[in-house]
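Below, each chain spelled out in residue letters.
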Amino acid sequence: MDVQLQKIFDSNYKGKTLYNHFCELYYQMQENKYYKAQSLSDFEDLSNFIKENRFYHLPLKTADQVNNLQDQIFPWQEYCKQQMQLMQIKAKVINATVQNFLKLNALLNNVGYGFTDEDAYLIQQSLKSIAIRDSNIINIRFWGKLFAQNRDYYVIEVQLSKSYKEPQPIDCDEKLNEYVHYVTQDLLEDWALLPQVTRKQMEASRFITYVFSGNLNKEITQYPIFNGKEKHLLKAQILRITHANLLAPRGLYRFDDETKLITFEDEFKMPESAELSTMDGWVHLPPNILKQGRITFYEDPSLKEEELNQMKEADPELERLKSIKDDKPFEQNEGNWNIKIFGETQQYTNQEEQPLSYQIVQLRNYLWPGAITVSNSNDFISIYFGYGNKNQQNSFNPLAPNDIQEEPEDIDEIPEPNPREQPDELEPDSDDERRREQERREAELQQQQE
Amino acid sequence: MEIYRIPEDLRFVNQIGQTLSAEEKIKLEIALIKLSSTQTFDQLLFWGRIEGTVANYYIAIGLNFKNNFEFPHKTFFYTANLKEFQNLPPLNPEYKEQVETFRQLFSGQPEKILINITGEDGDQPPADQPNPDEPQPVVKNDDDSDVEIKPPPKNFLEVDRLAYVVNAIEFECALLPVGAVRLTPTHELRYNDSFEGLNLQEASKIINYQHFRAPQSPNKKELIAQDDALFHYDFFDQLDDHPVGQWSLQTDSSKYQVTIRNLQWPGFLGYHRAGTRIFGYAYFGDGIKNVDLAFQL
C-alpha cells in the first residue's frame, strides 16, 4: 500500500506531480480573494479549474469505464499467450522422425520459396506438438500450404505404425490411407485430423476442379457429384499431390518385392550433385494412384471378366520407386519436371580429392504447379504451396451430364369397360382355387359381421 | 513494393510461400538503384517476379504523379538476368485474345518467338494456337498509292506476352487501402501524408480497399471529375469485379497483417499492416491466368 501511495505521489502527468498540484491549489486559495474555498466541492472545483487552465486536465471516467477497467484486454494479449504456449512445448523423448523444418526452410528460401524464419520456427514447434500427442507416429513432416478462399490450410503429414481402423466400404484400399494428415488454419490454433477417403471419393475428385473455401464442413456442389464435404476433398487432393510429387533420391530406399515394403537401403550415399540435377537421380517414393482411386486394382465381383480386363488395361499399376524421367511429359517439354540450379555453382574439391558442391537443385512439377522438391548435397525436401489443382493445358471442360432419357411410348388408351350386365362368374380352375375362394368369402362374411 | 523496404515487405509474400533468395535480393537492389539513377520517377516500385522454366523475370514500375491528370503514368521495366532493367514493349492489341489462351509457362528468354509471322526460322508456335501463320493485312501497294505503309509484321515474342500479362495483372489487381492516396486541387494524385493506416476492424474488410487504376465504373468516374473529389478518398473502383468471390482477404495470427489475394491471378498479393503506413502489392507467380475460376467456386 505504501509503495502504491508513493508511486501516486511520485507520478507526474505532463511534468506536474501531485505535489506541484497541491502547491498550486494552496497558492490559489491564498491569493485568490474572490474564491473562498470552504467545502469539499469548492476544493474540487478549484482543483479542476486549475487543471483546465494549466492544460493538464483529464476528463473524468464514467462509471462504466471505471468498472470495466479490468476487462480492457490489450488487443495482442490472446496472440502473445498462444504464441508463448506454442514456443514452450517440450517433451522428454520423442520416438519419431521429426523433420528438421527449421533447417530445410533455409534451403527453400535459397530458391525463392518458403516461409520466414519465425514462421518456420512455429511450424517446427507444431510438428513437435503433434508428435508428442500420439505415440504411434513414426514419421512426421510438414506437407505444405493449401490456399483457400477464406482461410488457408497448413498441412502436416504423418505416418503411423498402427493405422486407425475406420469402417470403410469393401472396395477401398487400406494402403491409400497410409499417410494421415492434420490441418490447421492458424499455426497458433489446434490441429484437426482429416478423415479417410473412400475409393469413390478419390475417383470423383479427378473430375472436378475446386478452390477450397476454408470451411472444412462445407458441402461441395460440383458436377459430377462428389459425395463428401470439403474435408474429404481436401484429403483426396492432398493424397493425389503426395503420391505424384513426393520424391526421394535414387538409392535411398529399396523396395522389397516379397514383403512389398519400402525400407532404407543399407549403404546409402547421396548421389553426386551432377546426378541430382538431372531427372535420373530422383524416384517417386509413394505408389501411384490408379484412376480407380486405389493403389492396387480392385476386382469388383459383380463385373464380368472382360470388362475387368479392359479396365485393368486402361489403368495399369506402375512399379514402385520409378524414376521421374519416365513420367508422362507435359505438353512440349521433356518429361514432367523442370529442373533449375541455384546457389553456388562453383565446383570445389575437398581434401580427399572428392568433388564438393554447394549447389541447390530445385525440381518443379509442371502438372501440379506449386509442388517442388529442393535438395543440396545433404538434405532434400518436398513441399507444396498452391491451390490444389492441376495445371490443365486446355480450359477445364466439365463432364457433361447424362443424356436426358427419352420418354417411353404411351400405351394406347382403351375405354373402361362398363357392361350393362354383370359378367358371369368364372368357374375356378382347380380344387385348390375353389377352396381358397370359399375361404375368402367366409372371411369376408365374418368381417362384415364384426 | 517499395524498393527500400523489400526485405521487410517480403514477409507478407511469405504467406503464399514465396520469397526472394539472398542472391536475388542483392542483384535486384543493384539493378533497381541503377534504374533509378538513369531515369527519374516520382516513385519506383518493385512489382514482382514471374517464374520461368529457364530464368525468371523481375518487373519494376515507375510512377509519375506530377503533371498527370487524375492518375499517374506507369512505366514498366523488366529484366531476366538481373543485370539491367529494360523497358517493356508497348502493347499490340491484335494478339489480345490469343495471349489469354496461352497456358505454357514463361521460359525466361525474352527473345523467344511465340507466334511466327514472318516465317523465319524460329521456335515452333505452341500447339494450342489456332492460326499461327495467319497473315497480317497485307498492304496492296499496286491499288492505292496513298495507302499508308504499315510497319513490317513482327514476330510475337515472349517479351510481348510478358507485356500483356504484366499490364493485365496491374489493371485487374493492383490495389490500395482507401485513404492512402488523395487528389490535389489540380486533380493530380498524391500519397496522403496523414494516412495512419486502417485500424484493426477496418483492415479486415475488403470494402476498405480499392483498385489502383483509373476508375472504370461510371459513378467513380463522375466522382473523380467533381471539384470536391479532393475531400473524398474512395474515388477508385471497389474490389467487386466479376466473378464475385475472386478476392480473398486473410489475416495472419495476430490479425494485424492483412493480405488480399486474387484467385484469377494466383500469385498476386496486396498487403497492409493495420495501424501503420505499410501497404503495397506484388506478384510472385508463373504469369498464367486461372480462367477456370468460375467452375471452381
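Here the residue numbering is sequential within each chain, running from 1 through the sequence in written order. The order in which chains are written sets their letters, starting at A; the order in which ligands are written sets their numbers, starting at 1. Predicted model: local features are reported for residues with pLDDT of at least 70 only, side-chain atom pairs are reported and counted for 80 or more only, and whole-chain, interface and lining totals are derived from all residues. With hydrogens and water excluded, all non-hydrogen atoms of the structure serve as input to the side-chain values.

All right, on to unusual backbone geometry then. A negative phi holds for most residues other than glycine; trans holds for most peptide bonds. All names here are of chain B. Of note, N67 is a non-glycine position whose phi angle comes to about 65 degrees, a positive value. Helix and strand definitions follow DSSP, with helices as H or I runs of at least four residues and strands as E runs of at least two, each counted in order from the N terminus. As for its placement among the helices and strands, N67 is situated in the loop between β2 (57–64) and β3 (73–79). Taking relative accessible area as the criterion, N67 reaches 69% and is therefore assigned exposed. Residues other than glycine seldom take positive phi values, yet H187 does so here, at roughly 60 degrees. By the secondary structure assignment, H187 is in the loop between β8 (181–183) and β9 (189–191). Type-normalised accessible area, obtained with a 1.4 Å probe on protein chains alone, sets the label of each residue: buried when under 20%, exposed when over 50%, and partly exposed for intermediate values.

Time to look at the sheet that holds strand β1 (residues 43–50) of chain B. Residues and elements named next belong to chain B. Taken in spatial order, the eight strands of this open sheet run β4-β3-β2-β1-β14-β13-β12-β11, and their pairing is mixed. Either end of the sheet is taken by a strand with one partner, and the two such strands are β4 (86–87) and β11 (247–251). For two strands to pair, DSSP has to find at least two bridges joining them. Here β1 pairs with β2 via seven bridges, running antiparallel. Residue pairing in the sheet places G48 in a bridge with I59 of β2. Here helix α2 (residues 22–38) sits on the sheet in contact with β1, β2 and β3, set at roughly 140 degrees to β1. Note on contacts: a residue pair qualifies if any of its non-hydrogen atoms lie within 4.5 Å across the two residues. Lines are fitted to the C-alpha atoms to define the axes, a helix being fitted only along its stretch in contact, and any angle between axes, read from their N-to-C directions, falls within 0 to 180 degrees.

Turning next to the packing of aromatic side chains. Residues and elements named next belong to chain B. Centres within 6.5 Å are what make two rings of Phe, Tyr or Trp a pair, Trp counting through its six-membered ring; a difference in plane orientation under 30 degrees is then read as stacked, over 60 as edge-to-face, and the rest as tilted. Under the counting rule described, the total for this entry stands at 27 aromatic pairs over all chains. Judged by centre distance (4.6 Å) and plane angle (10 degrees), the ring pair of F12 and Y271 falls under stacked. With F12 in helix α1 (residues 6–13) and Y271 in strand β13 (residues 268–273), this pair connects stretches of sequence that are 259 residues apart. Each member of the pair, F12 as well as Y271, carries the same accessibility label: buried. Seen from the ring of F106, R161 lies directly overhead, with NZ or CZ sitting 4.2 Å from the centre. Our definition puts a charge over a ring when NZ of Lys or CZ of Arg is within 6 Å of the ring centre and also within 35 degrees of the ring normal.

All names here are of chain A. With respect to the helices, strands and loops of the structure, H181 is situated in strand β6 (residues 179–184). Classification of H181 by relative accessible area gives buried; the value is 0%. A distance of 3.4 Å separates a polar atom in the side chain of H181 from a polar atom in the side chain of K235. Here a polar contact means two N or O atoms within 3.5 Å. Within protein one must be a hydrogen donor candidate and the other an acceptor candidate, and residues neighboring in sequence count only if both atoms are side-chain atoms.

Domain delimitation follows an automatic or database domain assignment. The assigned domain composition of chain A is domain 1 (1–28) and domain 2 (99–386). Taken over C-alpha atoms, the centre of domain 1 of chain A sits 68 Å from the centre of domain 2 of chain A.

Bringing the pattern of salt bridges into the picture now. Residues and elements named next belong to chain A. Whenever a carboxyl oxygen of Asp or Glu lies within 4 Å of a side-chain nitrogen of Lys or Arg, that contact is scored as a salt bridge. Per the counting criterion, the structure on display carries 19 salt bridges over all chains. Note that E439 and R435 form a salt bridge whose closest N and O atoms lie 3.9 Å from each other. Linking E439 with R435, this pair stays in helix α12 (residues 431–449), spanning four residues, or about one helical turn. Across the pair R440 and E444 runs a salt bridge whose closest N-O atoms are separated by 3.2 Å. Of this pair, R440 and E444 both sit in helix α12, four residues apart, which is roughly one turn of that helix. Residue classification places E444 among the partly exposed positions, given a relative accessible area of 42%. A cluster of three or more residues bridged by salt bridges with shared partners is formed by E437, R440, R441 and E444.

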